Amino acid sequence: MLIAKELREMIVAAINDAVAAGEIPPVDAPDFVLERPRLKAHGDWATNAALALSRNLGRSPRDIADILARRLQEGTEAQGADGGAGTLRSVEVAGPGFINITLSQDRVLGELVRVANEGETYGRWSFGEGRRFNVEFVSANPVGPLHVGHGRWAALGDALCKLLEAAGYAVDREFYLNDYGSQMDVFAASVEARYLELAGLEFEFPAEGYHGAYVADIARALLAEDGGRPLQKPPDERRSELGERAYRMALSHIQDSMASFGVTFDAWASERELQQAGAVEKEVRSLIADGLAYEKDGAVWMATSRFGDDKDRVLVRSSGAPTYFAADIAYHLDKMARGYDHLINIWGADHHGYVRRMQAAMEARGYPDGLEVILGQLVNLKRGGEPVRMSKRTGEMVTFDELVEEVGRDAARYLFLTRSQDTALDFDIQLAVEESMDNPVYYVQYAHARICSILRYGSGKGVDLSEDVPGMEILRLLESEEEADLALKIFEFEELVRDAAMDRAPHRLTRYLEELAAVFHVFYNRHRVISDDAELTAARLFLVRCARQVIRNGLAILGVSAPESM
RNA sequence: GCGCCUGUAGCUCAAAGGAUAGAGCAGCGGACUUCUAAUCCGCAGGUUGGAGGUUCGAGUCCUCCCAGGCGUGCCA
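Keep in mind that what you see is a predicted model, and the values were worked out from it rather than measured.

Chemist: Sorry if this is basic, but what is going on with the packing of aromatic side chains here?
Modeler: Here a ring pair, both rings aromatic, is described through the centre-centre distance and the interplanar angle of the planes. For the structure shown, the criterion picks out 18 aromatic pairs. Judged by centre distance (5.9 Å) and plane angle (35°), the rings of Phe493 and Tyr512 are tilted. Taken together, the positions of Phe493 in helix α18 (residues 481–502) and Tyr512 in helix α19 (residues 507–526) put the pair 19 residues apart, joining distant regions of the chain. The structure contains a cluster of three or more aromatic residues connected by ring pairs, namely Trp125, Phe127, Phe133 and Tyr169. In this arrangement the basic side chain of Arg132 is found over the ring face of Tyr340, its NZ or CZ atom lying 4.4 Å from the centre. Across the ring face of Phe261, the terminal group of Arg413 is positioned such that the distance to the ring centre comes to 4.9 Å.

Chemist: Quick question: what am I supposed to make of the nonpolar core here?
Modeler: Note on soluble globular proteins: their nonpolar side chains tend to be buried together. The biggest cluster of nonpolar side chains holds 140 residues, and the ones touching the most others in it are Leu112, Phe427, Ile490 and Phe491. With twelve residues, the single largest contributor to this core is helix α20 (residues 534–558). Non-local contacts of Ile490, meaning those with residues more than four positions away in its chain, are made with Leu112, Val115, Tyr122, Tyr512, Leu516, Leu543, Cys546, Ala547 and Val550. With 33 residues, the next largest nonpolar core counts Val280, Val300, Phe325 and Leu343 among its residues.

Chemist: Just to check I follow, could you spell out empty space enclosed by the protein for this structure?
Modeler: Picture a little ball the size of a water molecule; that probe, rolled over the atoms, points out where space is still empty. For the coordinates displayed, the defined rule picks out one cavity of 30 Å³ or more. When its volume is computed, the largest cavity comes out at roughly 40 Å³. Every residue along the wall of the largest cavity is listed here: Arg152, Leu156, Phe416, Leu417, Arg419, Gln421 and His507.

Chemist: What am I meant to see in the sheet that holds strand β3 (residues 88–94) here?
Modeler: Two modes of strand pairing occur in sheets, parallel and antiparallel, and in both the strands are linked by backbone hydrogen bonds. Here four strands make up an open sheet; going across it, the order is β1-β2-β4-β3 and the pairing antiparallel. Every interior strand has two partners, whereas the edge strands, β1 (34–35) and β3, have only one. Of the pairings in the sheet, the one linking β3 to strand β4 (residues 98–103) comprises six bridges and is antiparallel in character. Bridge pairing in β4 links Glu92 to Asn100. Taken strand by strand, helix α3 (residues 61–79) contacts β3 and β4, and its axis lies near 175° from that of β3.

Chemist: Quick question: what am I supposed to make of the domain arrangement of chain A here?
Modeler: Interfaces are frequently sized by the accessible area removed from exposure as the parts join. Taken as a whole, chain A is organised into domain 1 (3–103), domain 2 (132–181 + 264–434) and domain 3 (439–558). When each unit is reduced to the centre of its C-alpha atoms, the spacing between domain 1 and domain 2 is 47 Å.

Chemist: Please clarify how the pairing of strand β9 (residues 299–302) should be interpreted in this entry.
Modeler: Taking every second residue as pointing to the same face, both faces of β9 are buried, with Ala299 and Trp301 on one and Val300 and Met302 on the other. As paired elements, strand β8 (residues 293–296) and β9 share four bridges and run antiparallel to each other. The residue bridging Tyr294 from the neighbouring strand is Trp301, located in β9. As consecutive antiparallel partners, β8 and β9 are separated by two residues, and within that stretch Asp297 has a phi angle of approximately 55°, a positive value.

Chemist: I'm lost on the layout of surface pockets in this one. Help?
Modeler: For the largest pocket, the calculated volume is near 900 Å³. The wall of the largest pocket is formed by 36 residues, among which Ser139, Asn141, Asn178, Asp350 and His351 lie closest to the centre. Of all the elements in the fold, those that place two or more residues in the lining of the largest pocket are α5 (148–166), α6 (182–198), α9 (271–276), α11 (324–337), β11 (342–348) and β13 (379–383). Residues of the lining of the largest pocket, tallied by class, amount to 16 nonpolar, 14 polar and six charged.

Chemist: Can you help me understand the sheet that holds β11 in this one?
Modeler: Pairing within the open sheet is parallel, and its five strands lie in the order β7-β6-β5-β11-β12. Looking along the sheet, the strands with just one partner apiece sit at the ends: β7 (267–270) and β12 (371–376). Taken pair by pair, the neighbouring strands of this sheet meet at an average axis angle of 25°, ignoring direction. Relative to β7, strand β6 (residues 170–177) runs parallel, the two sharing four bridges. Residue pairing across strands places Glu174 opposite Ala267, the latter belonging to β7. Strand contacts of helix α8 (residues 235–261): β6 and β7, with the helix running at about 150° to β7, the strand carrying the most contacts. Taken strand by strand, helix α12 (residues 352–364) contacts β11 and β12, and its axis lies near 175° from that of β12.

Chemist: How should I be thinking about the side chain of Arg107 in this particular structure?
Modeler: Along the polypeptide, Arg107 turns up in helix α4 (residues 105–118). For Arg107, the side chain forms a polar contact with the side chain of Glu6, separated by 2.7 Å. With residues near it in sequence (within four places) discarded, Arg107 still touches Met1, Leu2, Ile3, Glu6 and Thr87.

Chemist: Please clarify how the state of the cysteines should be interpreted in this entry.
Modeler: Among covalent bonds in proteins, the disulfide is the one between the sulfur atoms of two cysteines. By the definition in use, this model includes zero disulfides. Between Cys452, a cysteine without a disulfide, and Cys546, which holds the nearest cysteine sulfur, the sulfur-to-sulfur distance is 14 Å. Take Cys452: its relative accessible area is 3%, and that puts it in the buried class.

Chemist: Help me understand a negative patch on the surface in this model?
Modeler: Side chains of Glu473, Asp532, Asp533 and Glu535 sit close together on the surface and give a patch of like negative charge. Here Glu473 shows up in helix α17 (residues 472–475). Of the residues examined, Glu473 reaches a relative accessible area of 57% and is grouped as exposed.

Chemist: I keep staring at the environment of Ala484 and nothing clicks. Help me out?
Modeler: Tracing the backbone through its elements, the reader meets Ala484 in helix α18. Looking at Ala484, the relative accessible area reads 33%, which means it is partly exposed. Put simply, Ala484 and Leu541 are 57 residues apart on the chain and 14 Å apart in space, counted from C-alpha to C-alpha.

Cut-offs and rules
- Residues numbered from 1 in each chain as written.
- Chains lettered and ligands numbered in written order.
- Predicted model: local features only at pLDDT ≥ 70, side-chain atom pairs only at ≥ 80, totals over all residues.
- Heavy atoms only, no water.
- Phe/Tyr/Trp six-rings, centres within 6.5 Å; stacked < 30°, edge-to-face > 60°.
- Helix = DSSP H or I, 4+ residues; strand = E, 2+ residues; numbered from the N terminus.
- Lys NZ or Arg CZ within 6 Å of the ring centre and 35° of its normal.
- Core = buried A, V, L, I, M, F, W, Y, C linked by side-chain atoms within 4.5 Å.
- Buried < 20%, exposed > 50% of the residue type's maximum accessible area, 1.4 Å probe, protein only.
- Contact = heavy atoms within 4.5 Å.
- 1 Å grid on protein atoms, 1.4 Å probe; cavity = no way out; pocket = protein on both sides within 12 Å on 5 of 7 lines; lining within 4 Å.
- Points joined across faces, edges and corners; volume = space filled by probe spheres on them.
- Pairing = 2+ DSSP bridges.
- Axes fitted to C-alpha atoms, helices over the stretch in contact; angles between N-to-C directions.
- Domains from an automatic or database assignment.
- Nonpolar A, V, L, I, M, F, W, Y, C, P; charged D, E, K, R; others polar.
- Polar contact = N/O pair within 3.5 Å; in protein donor to acceptor, adjacent residues only side chain to side chain.
- Disulfide = S-S within 2.5 Å.
- Patch = residues over 30% accessible without salt bridge, like charges linked within 9 Å, V, L, I, M, F, W, Y side chains within 5 Å.
- Areas by Shrake-Rupley, 256 points an atom, 1.4 Å probe, with all protein chains shown as cover.
- Salt bridge = Lys/Arg side-chain N within 4 Å of Asp/Glu carboxyl O.
- Lys, Arg positive; Asp, Glu negative; His and termini not counted.
- Charge placed at Lys NZ, Arg CZ, Asp CG, Glu CD.

Below you can see the structure in the form of C-alpha cells.
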C-alpha cells in the first residue's frame, strides 16, 4: 500500500483509539498534513495532526502529540507481534507538536519491491475511472508555420494528457482549426500576390497581408506544382483555388511539426466544416428559440451576462457574419455531443478575456462545469539575452521547427515544462544550445544512462542480471543513508503523479525528476553498485533498477526519451 | 478605471498554512589508477516588492499600496 495512505490510516486510528480510551475528548479526525519533511532530522515523514487537533480541543499540542505518538508506537508493535516487522521504526514528538516518523527498513524495502513489481505501471492510478476527457491545445490558425509559443502548448498539452491518462482518465487530444473567416481570406490573398509576383505578373499585396517569407515559399511550391495553370482562370476562382491549396499545405506542415515533436492528435476539428454543415447557424437559431439570445441593433446577442459574464456578447454581426464566439459555442457543444465528460482547453493568456463568456455559454447549455480553461502565459523568445521580436504579420519569427531543430526535441519539450504555465517563460535559444550540457534534461537523462551503464558493466562482469526480486535477507543490506534517501525519493513519485494530474501541473514532474536524479547521483558517488560482494551487488542493482524505472516512467509522462547511453 | 497572472539569492525558478525559505546557473575552493567528472563535496549568496491584518505558526490566506505582463472588440 502507498506509504502515505497507510500512515494516514495509522494516525486516524491512533486518534480514534485515544478518543475511545478517554485520553482525549471525542473529536472527528481533523484535516492534517502528512509530508516528507525538509530536514532529515525530522524523520522520513512528519505530521501536524496534534497541532490540528489542539485547535479544536484546546489542549496543548505537545500533550496530544505525546498521546498519539505512544498510540502509533503501540500500533506498530502490534503489527510486528506475529514475527514480522512493523511499519514504523521510531515516532518522535518535536517542535511545537509535530510527530516525526521514521519507517522501518522492512517497510521501505517492501515498498521498493512493489515499485519493481509494478514496473512501468508504477505511478498509475485509477481514480479517473475511465471518464472521457477531451483536451484541446495548440489550435493555431492554419496560415503558416507554428511559432515557438505554440511549442509550449504542444509540450504542455501532451504532458497533461499523459498525466491524466496516468490518473486513469480516457483522454483524447484535439486540435481546432480556425480555417474559416477573414484571416483565411487574407492568407489566400497574400499567397496569391506572391504567386503572381513569382510568375512575373502585376500584383497587389493586401494591406493587412501576411508578410512572412513562408508565404512566398508556399507560393513557390504551388507554382512548381501547377506550372502556373491557375493563371488561366478567372481571378475569383484562381484565388480560391490557390487559397485552398495553400491552406492544405500549411495544415500539412503543422501536422508534420506536431508529429515530429511526438504529439499525436486524435482529432483535427475544422471550424469551416462546422460552418458548412450549418451547425453554427443552427445553434444561433436554437439559442434564440430558447430565449438565450436576442436581436438588437441589427445583430444577434447572447445573454451571457445572465451566466456570470460582464455583458452580453454578439453572435451574429449586423453584417450577417457569425462571430468566432458563435462558432466556438457550436464547436464546444459538438465536443460534448461526442460523449466527453469534461473538456479542457489550453489557451494563451491573451485569450483571458474570452474565458468567462465561453463558460457562460456552456452553463447556458447545461454544462456548468463542462469546460475547464487552462491559461498559459506566453513565451518570451530570446537569443543571447536579446529579445527576439516575433510577428506573424511582419514575418519576423523563429518557427517552432527551427527551435526544435536547434535545441533538440527532448530539450525543447523539457524546457517548456520546467515552469508553471502561470509564469511567462523566457526561452533563450542560445542558452538552451550553448549550455546544453548543463541543461536539466540532460541531468535527468544522464542518471538514467548511468544506471544502464552500470547494468552493462555488470553484464560484462558476469553478474546475474535476472529481473528476480532478491529476498529480504539480501535487501536488508541496503542500510546506508544514501540508499534509504534514494528509496524514499522514489516513493514520492506515486503521489506526485496524482497531485500533478489534479492540479494540471506537469512542471512539478520536472522538478521531481531533477531531485530524484540528484539523490541517485549522490548515491552513485558514495557507493559502488558492482562489487565483489555478490549479495550487496544484487541488492544495489535492485535499488538502481527501481530508480531507473521511475525515471523512465516520469520522462515518459513528459514525452522525453530515456536514453540508454549518452 | 475594472478583471486575471506575476513579483522569492546576481540570473532563471521551487516550496497542498508548518519546523532553520530550497534547487539550478553564474562566482570561489576541492574530488576521477574505481560501474560515464554531462557527476559529486564544500564556501558564499535573502528584510520572499512594501505596509497592515488573520493564525500557536504566513513566501503561502485577507485588505491596501507599488512594479511588470495580459485582457477589458459587432477581431480571431
